[in-house]
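An overview of the molecular structure
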Amino acid sequence: MTEVRWNQQRVERKIFREIRVRLMRAAALLQGEIKKELSLTRTPRGGATRSIPLTPPGVQTGALRRSIQIDSTHLGDDAPRVRVGTDLVYAAIHEKGGIIRPKRVKALPVPLNDDARAMLRDAPGGSLRNVPGLFIFKTRTGRTFLARLLSGRRGKTQERVGMQLLFALRSEVYMPVRPFIRPAFERAKPAILEMMRT
C-alpha cells in the first residue's frame, strides 16, 4: 500500500508565493495602464490649454506620471495585497474633483493668461507677493483681480498706457473630475482577473 502525506505548510507557502507573483504582475500592468492614461494629452508647461473635464489631466512636467508607484509593503502579510498609486497632494483632486479653498491666504490667484502663468511659475520665493508692480483691482460688481500697469511710448516720453488683468482672486475654485486611475483600472480589469484565475 502507498502512503500519501499532506504537507499543509509547504502547500500554503507555494500557493502564497504564486499569489504574490501574480499580484506583482497585476500591479505592474495597472501601473503601466495608469501611466499610459496620463500620457493621452499634453499641455504646454504654463500654457493656457486646460484638460477637459472627465479626461485625464494633461501632461505638463510629467511629475504625476512619474509618481505612480507600486506599494508592496503588505505583500508578505497573511492577506497579501499591493497598492498602485501616487502620494502627490494634487492627484486626489484630479481623480475625484472637488473644491479648493485657500489655507494661508485670503484668496486663490487664478491665472487669466499666459503672462500670469509664467509669473506664477517664476515668482520669487514662489509667492506673488514678491512680484513688484502687482496691485489689487476691484470692479464695480465686486470681482477682484491682481493687475499691473502697462507702460508704453507716447511721443518721446514713457507713460502708463493701460492695465493688464493677470489673476482673478477667488475664495474657492471648483476642480472638475479628471480621472486617470479609474479608467486605467477598468481597462486593465479583464487582464488582471484573467491573470489571477489561471
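A short tour of the structure in this document, coming up. (Residues numbered from 1 in each chain as written. Predicted model: local features only at pLDDT ≥ 70, side-chain atom pairs only at ≥ 80, totals over all residues. Heavy atoms only, no water.)

Relative to the assigned elements, glutamate 95 resides in helix 3 (residues 91-96). Those residues in contact with glutamate 95, other than ones at most four positions away along the chain, are Val177, Arg178, Pro179, Phe180, Ile181 and Arg182. (Helix = DSSP H or I, 4+ residues; strand = E, 2+ residues; numbered from the N terminus. Contact = heavy atoms within 4.5 Å.)

Here the focus is the side chain of glutamine 31. With respect to the helices and strands, the residue glutamine 31 is situated in helix 1 (residues 8-37). Engagement of the side chain of glutamine 31 in a polar contact is seen with the backbone oxygen of isoleucine 68, the distance being 2.9 Å. (Polar contact = N/O pair within 3.5 Å; in protein donor to acceptor, adjacent residues only side chain to side chain.)

Let's shift gears to the packing of helix 1 against helix 5 (residues 181-197). Between helix 1 and helix 5, whose axes approach to 9 Å, the crossing angle comes to 155°. Taken together, the axis directions place helix 1 and helix 5 in an arrangement best described as roughly antiparallel. Two packed elements cross with a definite hand, and for helix 1 against helix 5 that hand is right-handed. When helix 1 is examined against helix 5, the residues Arg22, Leu23, Arg25, Ala26, Leu29, Leu30, Glu33, Ile34, Lys36 and Glu37 are found in contact with a partner set consisting of Ile181, Pro183, Ala184, Phe185, Arg187, Ala188, Ala191, Ile192, Met195, Met196 and Arg197. Residue classes in the contact of helix 1 with helix 5 are distributed as 14 nonpolar, no polar and seven charged. (Axes fitted to C-alpha atoms, helices over the stretch in contact; angles between N-to-C directions. Parallel < 35°, antiparallel > 145°, perpendicular 65-115°, else oblique. Left-handed = near helix turned anticlockwise from the far one by under 90°. Nonpolar A, V, L, I, M, F, W, Y, C, P; charged D, E, K, R; others polar.)

This brings us to a positive patch on the surface. Residues Arg10, Arg13, Lys14 and Arg17 make up a contiguous surface patch of positive charge. Relative to the helices and strands, lysine 14 is located in helix 1. With a relative accessible area of 60%, lysine 14 lands in the exposed category. (Patch = residues over 30% accessible without salt bridge, like charges linked within 9 Å, V, L, I, M, F, W, Y side chains within 5 Å. Areas by Shrake-Rupley, 256 points an atom, 1.4 Å probe, with all protein chains shown as cover. Salt bridge = Lys/Arg side-chain N within 4 Å of Asp/Glu carboxyl O. Lys, Arg positive; Asp, Glu negative; His and termini not counted. Charge placed at Lys NZ, Arg CZ, Asp CG, Glu CD. Buried < 20%, exposed > 50% of the residue type's maximum accessible area, 1.4 Å probe, protein only.)

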